[in-house]
Amino acid sequence: MVHLSVLGLITIILLFVAVLFSFFSFTVKTQNKTPNVLIALYLLVVAMEVSFFVYADQIKLPLVIHKLRDDIGYFKSPLLYLFFLSIIYSNFQLKWTHLFHIIPFVVVIILFVPRFYAVDEPLRQQFVQTYISQPEALFSAIFAHIQHAFYLWLIFLALKKYQQIIHENYSNDQEFSYRWLFRMALFLTVIFLLTVFKNVYKHTGTNLVVLNNIRAVLMLSLLFFLCWIVINALYYPQLFRGISINQKPLVDLAPPKKQAPKSPVYPEIEPPEVAKKMRLLKQTMVQKELYLDPSLSIDSLANQVNLPTKEVSTLINHYLKQHFYDFVNEYRIKKAIEILEDPSKDQLTTLEILYDVGFNSKSSFYTVFKKYTHTTPKAYKKQHREKINSSIK
C-alpha cells in the first residue's frame with residue numbers, strides 16, 4: 001500500500017530531476033535557446049506545483065502562497081504548447097502577444113479575490129476547510145481541465161501541420177523529431193487523463209489512502225515523463241532541428257476555392273510544361289542519385305533542377321499526387337531492392353543497406369519498405385533467392 005511518506009519520496013525524486021534538468025536547460029550552450037528556456041520554465045512550474053507534498057508537514061506558509069503555488073499550474077499547458085512550437089519551427093521567437101496565454105491564470109486569481117485573496121487569514125482558514133465544496137474550487141478544477149484539453153488540441157493541430165510540411169518538403173531529417181513530439185503529446189494526454197481521474201476522485205471520494213495512491217501513480221508518470229525527456233534530449237540532439245516558421249502546407253498556398261480555376265489548380269505551371277518538367281525531375285533523381293542524400297530537401301532538389309521550390313512542390317504534390325517524402329523514398333526503396341537482389345552484396349546487413357540508400361532511421365526504412373513490398377527486407381531477400389533457385393532447377 002502506498003502511503004504519504006512514499007508519495008513524499010517520489011515527489012523528492014521528481015523535484016530533483018525537474019530542478020536539475022531545468023538548470024541544465026537554462027545553462028547549456030545551444031544555438032537556439034528558446035526551447036531550452038521554455039522547457040526549463042515548465043519544469044520549474046512542475047517542481048513548484050508538486051513541492052507541497054515535501055514541505056507541507058514541515059513548513060507553515062501563508063495560505064496565499066499555497067494558493068498561488070496551486071494556481072501556477074495554469075502556466076504548464078501554455079509553456080508546453082510554446083515549447084512544441086519552438087521545436088517545430090527553428091526560427092520561432094517569443095512575442096508580446098504570447099502574454100495572452102496567462103489569461104486563464106489571471107481569471108482564476110480574480111475569481112478567488114472576493115472570498116480568499118481580499119479577506120483576512122481567519123476567513124481564509126474557513127474557506128480552505130470547506131474548499132472542496134466551494135463553487136470557486138469546482139469552477140477552477142473544471143476550468144483547468146478545459147484549458148489543458150484545449151492546449152492538447154492545439155498541440156496535435158500543430159503536429160498535424162508539421163507532419164504535412166515534413167512530407168511535402170523533406171525526405172528524412174525531420175521525421176524523427178515528429179515521432180518524438182507525437183509520443184510526447186500522447187504521454188501528456190495520458191497524464192492529463194490521470195489528472196482528471198485524480199481530481200474527480202478528490203471531489204467525490206472519501207478514502208485518503210486511495211487518493212494518495214492515485215497521486216503516487218500520477219507522480220510516477222510525471223517522473224517517467226521527465227526522465228524520458230532528459231534521455232532523449234541528451235542522446236538525440238537532432239530532435240531540436242526545426243523547420244522555418246514561414247513554411248506552410250501546400251494546401252495553404254493554393255488559391256482560395258472561390259477564386260481557383262477548375263483546371264489546373266496551380267496556374268503558375270502551364271500544362272504543356274508539366275510533362276517536360278516531370279521528366280527533368282525524374283531524370284535528375286535517377287542520374288544524380290540525389291535520393292542517396294539523407295538530408296535531401298525540396299529546396300535542394302529545386303536547386304539541382306534549376307526550378308523554383310514552389311514549382312517543384314506543385315509538380316510532386318499536385319501532379320504526381322505524392323508527398324515529397326514518398327517521392328524520394330520510392331527511389332530509395334527501389335535502390336534497396338536492387339541491392340537485396342544482387343548476390344554480390346549478400347554480405348551487406350539491413351542496417352548498412354538502409355544507410356546506403358539514404359535512410360537514417362531503421363524504423364522509417366522498415367515502414368516504407370513494407371509499404372511498397374508488403375514484406376520485410378529479410379523476407380523479400382529470402383523470397384527472391386528461393387525464386388531464383390527454383391527457376392534454375
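The rules behind each value
- Residues numbered from 1 in each chain as written.
- Predicted model: local features only at pLDDT ≥ 70, side-chain atom pairs only at ≥ 80, totals over all residues.
- Heavy atoms only, no water.
- Helix = DSSP H or I, 4+ residues; strand = E, 2+ residues; numbered from the N terminus.
- Buried < 20%, exposed > 50% of the residue type's maximum accessible area, 1.4 Å probe, protein only.
- Contact = heavy atoms within 4.5 Å.
- Areas by Shrake-Rupley, 256 points an atom, 1.4 Å probe, with all protein chains shown as cover.
- Salt bridge = Lys/Arg side-chain N within 4 Å of Asp/Glu carboxyl O.
- Phe/Tyr/Trp six-rings, centres within 6.5 Å; stacked < 30°, edge-to-face > 60°.
- Lys NZ or Arg CZ within 6 Å of the ring centre and 35° of its normal.
- Core = buried A, V, L, I, M, F, W, Y, C linked by side-chain atoms within 4.5 Å.
- Polar contact = N/O pair within 3.5 Å; in protein donor to acceptor, adjacent residues only side chain to side chain.
- pLDDT = per-residue confidence, 0-100.

Some remarks on the overall build of the protein
Right, so step 1: A count of helices and strands for the protein gives 18 helices and zero strands.
Right, so step 2: Burial analysis of the protein (393 residues in total) assigns 47% to the buried set.
Right, so step 3: Taking all contacts inside the protein whose residues are at least 6 apart in sequence as the whole, residues at least 24 apart take part in 72%.
Right, so step 4: If you sum the accessible surface of the protein, you get close to 21400 Å²; carbon and sulfur atoms cover 64% of it.

A closer look at the pattern of salt bridges
Right, so step 1: Taken as a whole and assessed by the stated rule, the structure comprises eleven salt bridges.
Right, so step 2: Among the ionic pairs, Lys-335 bridges to Glu-289, the shortest N-O distance being 3.4 Å. Residue Lys-335 is located in helix α15 (residues 324–340), and its partner Glu-289 is located in the loop between α12 (271–288) and α13 (298–305); the two are separated by 46 residues in the primary sequence.
Right, so step 3: Overall, the relative accessible area of 16% leaves Lys-335 in the buried class.
Right, so step 4: The shortest N-O distance in the salt bridge between Lys-335 and Glu-338 comes to 3.6 Å. A residue pair is termed a helical-turn pair when its members lie 3 or 4 positions apart in one helix, as Lys-335 and Glu-338 do in helix α15 at three residues.
Right, so step 5: The network of salt bridges with common partners includes Glu-289, Lys-335 and Glu-338.

What to know about the environment of Gln-283
Right, so step 1: Its place among the elements puts Gln-283 in helix α12.
Right, so step 2: Since its relative accessible area comes to 43%, Gln-283 is described here as partly exposed.
Right, so step 3: Note: C-alpha distance between Gln-283 and Val-305 (22 residues apart in sequence) is 9.7 Å.

Observations regarding the packing of aromatic side chains
Two measures describe an aromatic ring pair: the distance that separates the ring centres and the angle between the ring planes.
Right, so step 1: Evaluation of the coordinates by the stated rule reveals 26 aromatic pairs.
Right, so step 2: Taken together, a centroid distance of 5.9 Å and an interplanar angle of 55° make the contact between Phe-116 and Phe-127 tilted. With Phe-116 in helix α6 (residues 103–117) and Phe-127 in helix α7 (residues 121–129), this residue pair connects regions lying eleven residues apart in the sequence. Summarising the burial analysis for this pair, Phe-116 and Phe-127 share the class buried.
Right, so step 3: Note on Phe-127 and Tyr-131: the rings are 6.0 Å apart at their centroids and 75° apart in plane angle, and the pair reads as edge-to-face.
Right, so step 4: Relative accessible area serves as the criterion here: at 19%, Tyr-131 is assigned to the buried category.
Right, so step 5: Here the aromatic cluster, defined as three or more aromatic residues joined through ring pairs, consists of Phe-112, Phe-116, Tyr-117, Phe-127 and Tyr-131.
Right, so step 6: Lying over the aromatic face of Phe-359, Arg-332 brings its terminal NZ or CZ to 5.7 Å of the ring centre.
Right, so step 7: Stacked on the ring of Tyr-331, the Lys or Arg Lys-334 has its end atom at 5.7 Å from the ring centre.

Digging into the nonpolar core
Right, so step 1: Counting 55 residues, the largest nonpolar core has Tyr-42, Phe-84, Leu-159, Met-184 and Phe-225 as the members making the most contacts within it.
Right, so step 2: Looking at this core, the elements with two or more residues in it are α1 (4–27), α2 (34–50), α5 (76–88), α8 (135–169), α9 (175–204) and α10 (208–235).
Right, so step 3: Ranked by residue count, the leading element in this core is α10, at ten residues.
Right, so step 4: For Leu-159, the contacting residues outside a window of four places in its chain are Phe-84, Ile-88, Tyr-178, Leu-181, Phe-182 and Ala-185.
Right, so step 5: In this structure, Leu-296, Leu-307, Val-312 and Phe-324 belong to the second largest nonpolar core, which totals 19 residues.

Side note on the side chain of Gln-147
Right, so step 1: Inspection of the secondary structure assignment puts Gln-147 in helix α8.
Right, so step 2: Separated by 2.9 Å, the side chain of Gln-147 and the backbone oxygen of Tyr-74 make a polar contact.
Right, so step 3: The contacts of Gln-147, once residues within four sequence positions are left out, are Tyr-74, Ser-77, Pro-78 and Pro-104.

Comments concerning the confidence of the model for the protein
Right, so step 1: Counting all residues, the mean pLDDT for the protein is 82, and 85% of those residues have values of 70 or more.
Right, so step 2: Mean pLDDT in the protein bottoms out at helix α11 (residues 250–253), which sits at 52, and peaks at α6, which reaches 94.
Right, so step 3: Across residues 256–267, confidence stays below pLDDT 50; counting only partners more than four residues off in sequence or on other chains, it has ten contacts.

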